[in-house]
Structures are given as C-alpha cells and as structure tokens.
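The primary structure of each chain is shown beneath.
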Amino acid sequence: MVSPELAARWMAVRALLGRAQTALPAPPLRHVQACAKLYEEFAEYLEHNELALALDALMELGRLTAPRGGFWRDLERAAEIMNLDDRILASREAFRAAPISPDDASSGGP
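Residues numbered from 1 in each chain as written. Predicted model: local features only at pLDDT ≥ 70, side-chain atom pairs only at ≥ 80, totals over all residues. Heavy atoms only, no water.

1. Some remarks on helix α1 (residues 4-22)
Then step 1. When the terminal C-alpha atoms of α1 are compared, their 27 Å separation across 19 residues agrees well with the 27 Å that a helix rising 1.5 Å per residue should span.
Then step 2. What α1 keeps buried is the set Val13, Leu16, Leu17 and Ala20. On an axial view of α1, the arc spanned by its buried residues comes to 95 degrees, and they lie on one face. Across from the buried face of α1, at angles greater than 90 degrees, the exposed residues are Pro4, Met11 and Thr22.
Then step 3. On its buried side, α1 packs onto α2 (32-47), α3 (51-65) and α4 (69-81). (Helix = DSSP H or I, 4+ residues; strand = E, 2+ residues; numbered from the N terminus. Expected span 1.5 Å × (residues − 1). Buried < 20%, exposed > 50% of the residue type's maximum accessible area, 1.4 Å probe, protein only. Arc of directions from axis to C-beta. Contact = heavy atoms within 4.5 Å.)

Here's what the structure looks like:
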C-alpha cells in the first residue's frame, strides 16, 4: 500500500509533468518523428508510474523543441520532488538558455 505522502508526491509530479507537456511548442519538421516517439514513451511511462522516465522523455522533447522557461521550471520542480539532483541541475541550465517569454520581456524580468 502506498502512503498518503507518497501518493501526494506522485500527484504533484504528475501535475507538473502534465503542465510541462502542454507547454511544449510544436516540433520542428526535422524532429517530428523523434518527438512523436518521445510523446508515446512519455504516455507509456506515466501509465506505468515511471515518473523519472517520463521526466527524461520530456527533457528530451524540450531539447528538440526549445520551449520557454516555464517548461524547464516545471521539470525542475518535478525533479526536486523526486530528489533527482542531476535532472534538477540540467533543468536549471536549460531554463537559463530558454527563450524569454513575451510576458517576461515586457516586464523586464528573466
């Protein structure tokens, strides 16, 4: 039986991964097939509650599609909840390199 604390952590990670997935831009034409495969893998990992593997699939999708910074922040938070230090660092680095969103540009913030 899963503890209520663990179930809550899983739910939070799933929510962050879902939000990140919806923030992904359309893939460039040269990466359409690779992204389709990664989307399939992501869905399968979620179905089997393999949340770290689902995170990895989204990180790879992010590398192929260049999403805005919020995507990487959601992945960073999910990695923090799962205590995946290497993915936390990778998400932070990707956030720093991510395109600035129009909202951030108009407010003068990062």
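Past the structure itself, the notes keep going.
2. A look at the confidence of the model for the chain
Then step 1. Mean pLDDT over the chain stands at 91; residues scoring 70 or higher make up 91%.
Then step 2. The secondary-structure element of the chain with the lowest mean pLDDT is helix α6 (residues 102-107), recorded at 50, while α2 shows the highest, at 98. (pLDDT = per-residue confidence, 0-100.)

3. Looking at the packing of α1 against α3
Then step 1. Where α1 contacts α3, the two axes come as close as 11 Å, and the packing angle between them is 15 degrees. Judged by the inter-axis angle, α1 sits roughly parallel to α3. Remark: the crossing between α1 and α3 carries left-handed chirality. Contacts between α1 and α3 involve Trp10, Val13, Arg14, Leu17, Ala20 and Gln21 from the former and Leu51, Ala54, Leu55 and Leu58 from the latter. (Axes fitted to C-alpha atoms, helices over the stretch in contact; angles between N-to-C directions. Parallel < 35°, antiparallel > 145°, perpendicular 65-115°, else oblique. Left-handed = near helix turned anticlockwise from the far one by under 90°.)

4. Overview of the packing of aromatic side chains
Then step 1. Under the counting rule described, the total for this entry stands at 1 aromatic pair.
Then step 2. On the basis of an interplanar angle of 85 degrees and a centroid distance of 4.8 Å, the ring pair of Phe71 and Trp72 is categorised as edge-to-face. Taken as a pair, Phe71 and Trp72 share a single burial class, namely buried.
Then step 3. In this structure, Arg73 is placed above the aromatic ring of Phe95, and the distance from its NZ or CZ to the ring centre is 3.6 Å. (Phe/Tyr/Trp six-rings, centres within 6.5 Å; stacked < 30°, edge-to-face > 60°. Lys NZ or Arg CZ within 6 Å of the ring centre and 35° of its normal.)

5. Here we look at the pattern of salt bridges
Then step 1. One pass over the full model with this rule turns up 9 salt bridges.
Then step 2. For Arg87, the salt bridge is made with Asp56, and the minimal N-O distance between the two is 2.7 Å. Here Asp56 lies in helix α3 and Arg87 lies in helix α5 (residues 85-97), a separation of 31 residues in the sequence.
Then step 3. Among the residues examined, Asp56 registers a relative accessible area of 27% and is labelled partly exposed.
Then step 4. Note that Glu80 is salt-bridged to Arg92, the shortest N-O span being 3.3 Å. Separated by 12 residues along the polypeptide, Glu80 in helix α4 and Arg92 in helix α5 bring together distant segments of the chain.
Then step 5. Its relative accessible area of 30% is what places Arg92 among the partly exposed residues. (Salt bridge = Lys/Arg side-chain N within 4 Å of Asp/Glu carboxyl O.)

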